[in-house]
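Structural description and commentary
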2 protein chains.
Amino acid sequence: MSNYEAYFQGNRDEHLKELKEWLAIPSISALSEHKQDIQAAAGWLADALTRAGMDKVEVHETKGHPIVYAERLRAPGKPTVLIYGHYDVQPVDPLNLWTTPPFEPAIRDGKLYARGATDDKGQLFLHVKAVEAILREEGELPVNVKFCIEGEEEISGESLPEFLKANKEKLAADAVVISDSSLLEPGKPSICTGLRGLCSLEVTVSTAKTDLHSGLYGGAVPNALHALVSLLDSLHDEKGRVTVEGFYEGVPVLSELEKADLASYNPDERKLAADLGLDSLYGEEGFSFTERTGARPTLELNGVWGGFQGEGTKTVIPKEAHAKITCRLVGSQDPQKTLDRVERHLKANIQKGAKVSIVPGERAFAFTCDPSDAMLQLAADAYEEVYGARAVFTKDGGSIPVVATFSNVLKAPVVMMGFGLPDENLHAPDEHLNLDNFDKGLLTLVKYLHKAAQA
Amino acid sequence: MSNYEAYFQGNRDEHLKELKEWLAIPSISALSEHKQDIQAAAGWLADALTRAGMDKVEVHETKGHPIVYAERLRAPGKPTVLIYGHYDVQPVDPLNLWTTPPFEPAIRDGKLYARGATDDKGQLFLHVKAVEAILREEGELPVNVKFCIEGEEEISGESLPEFLKANKEKLAADAVVISDSSLLEPGKPSICTGLRGLCSLEVTVSTAKTDLHSGLYGGAVPNALHALVSLLDSLHDEKGRVTVEGFYEGVPVLSELEKADLASYNPDERKLAADLGLDSLYGEEGFSFTERTGARPTLELNGVWGGFQGEGTKTVIPKEAHAKITCRLVGSQDPQKTLDRVERHLKANIQKGAKVSIVPGERAFAFTCDPSDAMLQLAADAYEEVYGARAVFTKDGGSIPVVATFSNVLKAPVVMMGFGLPDENLHAPDEHLNLDNFDKGLLTLVKYLHKAAQA
């Protein structure tokens with residue numbers, strides 16, 4: 001292998017200049033006034049892929065935002081790696097909390113500050129430049145490479161799932177590589193092999209046809225708030241377990257090996273509590289922090305409201321009250337079945353005189369992938385050679401529905417090789433990317449493409 | 001006596017026009033942005049009292065909202081009747097549930113719709129017009145009359161209690177007459193001889209120092225909403241009893257006679273539930289509707305809120321959550337002691353990892369008065385002559401702290417002659433006053449002032 005360290009060092013200023021140019025395009029997918037910026041960011045990426053040396057670069061228009069596809073399939077008999085990422089970014093408010101404007105990329109203290117710096121333009125850019133580097137230095141890629149990049153990740157759009165299902169052949173690959181996550185901490189790489197699924201619902205409890213005066217009726221009629229808090233409290237027992245019948249169906253029992261893996265990166269729980277301003281953590285009894293977030297399902301109240309919220313006292317018995325609930329799912333828990341079960345529980349436990357109704361929201365299955373797969377082990381090797389520390393295989397508590405979709409549709413292992421850090425303010429003001437991981441990420445990806453050739 | 005029926009019929013349009021003008025002033029005492037409207041409503045009343053023929057009309061500024069005082073003491077040797085009422089009104093949210101705007105009074109189906117129509121501008125207006133009618137028709141009042149009208153009833157302000165204590169001589173009376181309650185049902189007048197006391201508090205539960213992402217932390221950290229619903233649910237047992245230790249101290253055991261009295265005006269509970277749009281009533285087991293509202297204390301949630309209330313899903317673990325609570329008190333229950341007990345219960349039952357704090361609000365003792373007093377019996381006579389049904393002496397579930405204060409400070413019987421109806425949506429959208437009781441109320445009050453002269 002050539003001296004890629006020297007190559008990337010020599011091209012560093014130019015690379016950062018290019019990335020800043022891309023980051024300056026405010027491709028916020030959630031806001032329709034940025035429709036043209038979204039198009040510009042997709043076009044910029046297509047140009048960069050062409051410049052990098054990809055053979056075939058296509059911008060597919062969709063009902064939503066374009067999907068950028070590229071391929072270079074000149075390694076017959078070698079595996080095919082499909083690279084996924086997204087060029088859309090989160091909104092930027094509150095703008096006044098940014099040290100420098102979100103779309104005027106700036107480097108301070110070895111960090112590149114801009115919306116999208118780590119989520120995900122900055123991380124995706126590493127793949128474009130790794131491919132370009134190999135083609136410039138060696139003339140050909142060691143594996144077949146496809147890019148499939150979307151512009152609706154931040155809005156959970158339907159365009160990519162539809163595109164995947166309609167183009168299974170075209171997108172067929174031996175591994176899907178995604179850089180949209182983070183190291184455990186500086187110098188400690190990780191590969192995520194599990195993400196939780198999700199389902200969400202809104203609950204409404206209603207009682208009388210109007211609000212009633214608590215003097216005239218108080219104590220003698222159902223109060224929607226009493227019925228709601230009693231109902232919501234019935235969803236957990238005193239050990240923090242969800243009481244909904246059948247809720248835990250499909251939740252895998254942790255093996256001793258998995259427990260050891262999860263224990264290996266469990267934080268100091270007392271320190272974590274103190275850092276969060278808490279006297280103590282709280283959750284399902286008998287499980288550690290990483291077990292609770294990575295391997296156990298949850299039912300969480302995200303919002304509750306009803307009655308009077310203003311200043312002072314209002315002696316009202318409210319006629320309705322509401323709650324927003326999300327469940328995080330693991331293993332083979334079925335999001336639709338879970339919604340049905342929660343609904344049955346709510347209807348069975350509602351207080352006399354009150355009624356309950358639900359509006360279902362999102363549904364996504366959990367994702368898991370076998371860390372012993374060669375394409376994952378080779379990724380851990382690549383990290384080890386660059387970082388001097390082998391990547392830990394982790395389970396993340398969040399939900400990225402597209403990961404399960406890739407895994408289900410393409411039947412290929414998904415290799416989540418992140419180069420961000422957990423404190424890089426993604427979705428918040430002063431989002432940034434540590435340039436140390438920018439440099440190491442480029443080298444790790446070049447190594448990975450070479451290693452993948454041996455799989 | 002002149003033909004007051006003809007008099008009020010002839011002046012009906014003009015009276016309603018005047019009342020609508022007053023109701024159009026949004027004199028919401030709880031909201032500081034309505035300070036000027038409060039002043040305007042007090043000024044309007046003072047003018048109306050002057051026009052009615054009261055001798056001396058004063059607007060007393062206070063630390064809060066003004067007190068309007070008026071007197072006409074030209075019946076030597078005759079009793080003095082002091083009329084109390086309030087010109088302030090409740091807030092109006094949720095505004096979208098009003099058929100017509102709360103401060104654009106409108107008549108539909110023989111009902112006058114506006115905030116304050118029944119509570120209490122509409123009922124108070126009857127006294128002003130009854131006095132005016134007698135003066136126009138007979139030239140003089142049969143008794144001495146004083147008006148003492150406040151603007152802080154809906155916020156349980158301290159100005160009136162202070163004014164009463166500072167002006168005992170000026171306000172001395174043989175009876176205090178208040179029209180701020182309701183008939184039992186159309187055609188069934190009542191005089192309230194008992195009111196519940198009150199204490200109120202706001203509860204805040206807090207957990208981490210910031211909101212947390214439910215993917216990264218869900219299931220492993222305390223959620224302020226979970227802690228709050230669990231805490232609030234712990235305040236009642238499955239029989240609807242309040243579980244706060246010592247809560248029922250001072251609650252009188254009902255005698256057989258009292259039970260019979262309460263039973264005599266207990267509504268058809270199944271019909272009441274249906275009228276309210278309920279499958280069934282709900283409350284402390286073993287007590288009837290009138291017992292629960294008239295003779296039993298309550299602890300009621302008036303508002304609960306925390307976390308995300310917007311459209312769609314936000315996967316947030318909120319760092320704080322809130323509730324507003326009022327307790328209705330009976331017998332000798334001490335409002336301050338009750339607040340202390342509720343606070344102790346909340347602190348003892350808060351979930352691990354969460355904190356709870358309270359801000360106490362109002363405090364008022366319960367009130368009772370002897371129905372055999374002549375000034376009360378004469379009021380029942382007046383009702384009987386106009387309604388064809390003698391007023392029933394009842395115990396009401398509401399709290400009018402000032403009633404206990406009047407009773408204690410002036411040592412005079414308090415005659416609560418209400419002309420509202422229980423379903424007139426006081427404190428709720430579409431508050432209204434039935435105009436049949438507007439008409440009968442004027443006649444009843446004219447009769448009462450004449451009857452009181454014989455006491």
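Position labels on residues start from 1 in each chain and follow its written sequence. For this description, chains carry letters from A and ligands carry numbers from 1, given in the order in which they are written. Under the rules for a predicted model, residues below a pLDDT of 70 receive no local features and side-chain atom pairs below 80 are neither given nor counted, while totals for whole chains, interfaces and linings still include all residues. As a rule here, side-chain values cover all heavy atoms of the structure and leave hydrogens and water aside.

On to the overall build of chain A. Within chain A, the regular secondary structure consists of 14 helices and 18 strands. The C-alpha radius of gyration computed for chain A amounts to 25 Å, which stays within 12% of the reference 23 Å derived for 455 residues, consistent with globular compactness. Judged by the C-alpha coordinates and their principal axes, chain A covers about 85 × 50 × 45 Å. Burial classification: accessible surface area is computed with a 1.4 Å probe over protein chains only, and a residue below 20% of its type maximum counts as buried, one above 50% as exposed, and the rest as partly exposed. With 455 residues in all, chain A has 60% of them scored as buried. Note on definitions: a residue-residue contact is assigned when non-hydrogen atoms from the two residues lie within 4.5 Å. Within chain A, contacts between residues separated by at least 24 positions form 79% of all contacts whose residues are at least 6 apart in sequence. Chain A carries 47 positive and 68 negative side-chain charges, and their two centres are separated by 4 Å. For helices the rule is a DSSP run of H or I covering at least 4 residues; for strands it is a run of E covering at least 2, with both sets numbered from the N terminus onward. Each radius of gyration reported is based on C-alpha atoms, and the globular scaling rule is 2.2 Å times the count of residues to the power 0.38. In this tally, Lys and Arg are treated as positive and Asp and Glu as negative; His is ignored, and so are the chain termini. By convention, charge coordinates are those of NZ in Lys, CZ in Arg, CG in Asp, or CD in Glu.

Moving on, we come to the side chain of Glu 362 of chain B. Tracing the sequence through the fold places Glu 362 of chain B in strand β14 (residues 355–364). When a carboxyl oxygen of Asp or Glu lies within 4 Å of a side-chain nitrogen of Lys or Arg, that pair is called a salt bridge. With no salt bridge to any partner, buried Glu 362 of chain B finds its closest opposite charge in Arg 328 of chain B, at an N-O distance of 7.8 Å. We define a polar contact as two N or O atoms separated by no more than 3.5 Å, with the added condition that, inside protein, one atom must be a possible hydrogen donor and the other a possible acceptor, whereas residues neighbouring each other in sequence contribute only through side-chain atom pairs. A polar contact of 3.0 Å, which involves the side chain of Glu 362 of chain B, links it to the side chain of Thr 313 of chain A. In this structure the side chain of Glu 362 of chain B is engaged in a polar contact, spanning 2.5 Å, whose partner is the side chain of Ser 156 of chain B.

A 1.4 Å probe that fits but cannot get out identifies a cavity on a 1 Å grid over protein atoms alone, an open set with protein on both sides within 12 Å along at least five of seven lines counts as a pocket, and a residue lines either if it has an atom within 4 Å of a point. Grid points are joined across faces, edges and corners, and a volume is the space filled by probe spheres set on the points. On inspection of all chains with the given rule, the structure shows five cavities of 30 Å³ or more. Each pocket or cavity is described by its volume, and for the largest cavity that value is around 390 Å³. In terms of lining, the largest cavity is formed by 31 residues, of which the most central are His 213 of chain A together with Glu 153, Ser 399, Ile 400 and His 427 of chain B. The residue classification treats Ala, Val, Leu, Ile, Met, Phe, Trp, Tyr, Cys and Pro as nonpolar and Asp, Glu, Lys and Arg as charged. All others, Gly included, are polar. Residues belonging to the lining of the largest cavity are distributed by class as follows: eight nonpolar, 14 polar and nine charged.

The next point concerns the interface of chain B and chain A. Taken together, the contacts link 81 residues of chain B with 74 residues of chain A. Buried area: the sum, over both parts, of the accessible surface (1.4 Å probe) that disappears when the two are put together. Surface buried jointly by chain B and chain A totals about 6500 Å² across both partners, of which 54% is contributed by carbon and sulfur atoms. For the interface between chain B and chain A, the tally reads three salt bridges. The tally of links between chain B and chain A comes to 43 residue pairs in polar contact (both at pLDDT 80 or more).

A few words now on the side chain of Lys 319 of chain A. Looking at the element boundaries, Lys 319 of chain A is found in the loop between β12 (316–317) and β13 (320–329). Ignoring sequence-local partners within four residues, the contact set of Lys 319 of chain A consists of Val 205, Ser 206, Thr 207, Ala 208, Lys 209, Thr 210, Asp 211 and Ala 224 of chain A together with Leu 97 of chain B.

When DSSP finds at least two bridges between two strands, those strands are taken to pair. Taken in spatial order, the eight strands line up as β14(A)-β9(A)-β13(A)-β11(A)-β11(B)-β13(B)-β9(B)-β14(B) in an open sheet, and their pairing is antiparallel. Edge positions in the sheet fall to β14 (355–364) of chain A together with β14 of chain B, since each of these pairs with one other strand and no more. Ignoring which end each strand starts from, the neighbouring axes of this sheet average 20 degrees apart. Here strand β11 (residues 298–307) of chain A pairs with β13 of chain A via eight bridges, running antiparallel. Its bridge partner being in β13 of chain A, Thr 298 of chain A is matched across the sheet by Arg 328 of chain A. Comment: axis = line fitted to C-alpha atoms, over the contacting stretch for helices; angle = value between 0 and 180 degrees taken between N-to-C directions.

Here the focus is the pairing of strand β8 (residues 190–195) of chain B. Residue and element names in this part refer to chain B. Of all six residues in β8, six are buried; the element is thus mostly enclosed. One ladder, built from five bridges, connects β8 with strand β16 (residues 392–396); its direction is parallel. The residue bridging Leu 195 from the neighbouring strand is Asp 396, located in β16. Inspection of the sheet shows β8 paired to strand β17 (residues 414–417) by two bridges, in the antiparallel sense. Paired with Ile 191 across the bridge in β17 is Met 417. When β8 meets strand β15 (residues 367–368), the two strands line up antiparallel, connected through two bridges. Residue pairing for β15: Leu 195 is matched across the bridge by Phe 367.

All names here are of chain A. Domain start and end points were adopted from an automatic or database domain assignment. Its domain assignment divides chain A into domain 1 (4–195 + 366–452) and domain 2 (197–242 + 297–363). Residue-level contacts link five residues of domain 1 with six residues of domain 2. Considering only the surface of domain 1 that becomes buried against domain 2, Ala 366, Gly 397 and Ser 399 emerge as the three largest contributors, covering 82% of it. Linking domain 1 with domain 2 are two residue pairs in polar contact (both at pLDDT 80 or more). Split into classes, the residues belonging to the side of domain 1 that touches domain 2 amount to two nonpolar, three polar and no charged.

Attention now goes to the packing of aromatic side chains. Residues and elements named next belong to chain B. Under the pairing criterion, centres of Phe, Tyr and Trp rings, with the six-membered ring standing for Trp, must be within 6.5 Å; the plane angle then separates stacked pairs below 30 degrees from edge-to-face pairs above 60, leaving the rest tilted. Across all of its chains, the model carries 20 aromatic pairs over all chains by this definition. Consider the rings of Trp 22 and Trp 44, whose centres lie 5.1 Å apart with planes at 10 degrees: the pair is stacked. Of this pair, Trp 22 sits in helix α1 (residues 4–23) while Trp 44 sits in helix α2 (residues 35–52); the two residues are 22 residues apart in sequence, bridging distant segments of the chain. Judged on exposure class, the residue Trp 22 and its partner Trp 44 are both buried. With 5.2 Å between their ring centres and 80 degrees between their planes, Phe 247 and Tyr 248 make a pair best called edge-to-face. For Phe 247, a relative accessible area of 1% puts it in the buried group.

Attention now goes to the layout of surface pockets. Taken as a whole, the second largest pocket encloses approximately 980 Å³ of empty space. Considering the residues around the second largest pocket, the lining is formed by 38 residues, among which Tyr 217 of chain A together with Leu 184, Leu 272, Pro 422 and Asp 423 of chain B are closest to the centre. For the lining of the second largest pocket, the class distribution of residues is 16 nonpolar, twelve polar and ten charged.

Another point: the relation of the copies chain B and chain A. What sets the superposition is a least-squares fit of C-alpha atoms, and only residues with pLDDT of at least 70 in both copies go into it. Mapping chain B onto chain A calls for a screw motion: a turn of 177 degrees about the axis and a shift of 3.0 Å along it, with 2.9 Å RMSD after fitting. Taken as a fraction of all interface residues of chain B, those also at the interface in chain A reach 88%, which identifies the copy contact as same-surface.

Let's shift gears to the sheet that holds strand β4 (residues 106–108) of chain A. Residues and elements named next belong to chain A. Spatially, three strands are ordered β4-β5-β18 in an open sheet, and the strand pairing comes out antiparallel. What marks the edges here is a single partner per strand, and that holds for β4 and β18 (432–434). In this sheet, adjacent strand axes meet at a mean angle of 25 degrees when their direction is disregarded.

Let's shift gears to helix α3 (residues 121–138) of chain B. At 3.6 residues per turn, the α-helix brings residues three or four places apart onto the same side. All names here are of chain B. Multiply 1.5 Å by the residue count of a helix minus one, and that product is the helix's expected span. With 18 residues, α3 should cover 26 Å at 1.5 Å per step; its first-to-last C-alpha distance of 26 Å lies within 8% of that length. Among the 18 residues of α3, 15 are classified as buried, and the element is accordingly described as predominantly covered. Of the residues flanking the end of α3, it is Gly 139, one or two places downstream, whose phi is positive at about 85 degrees.

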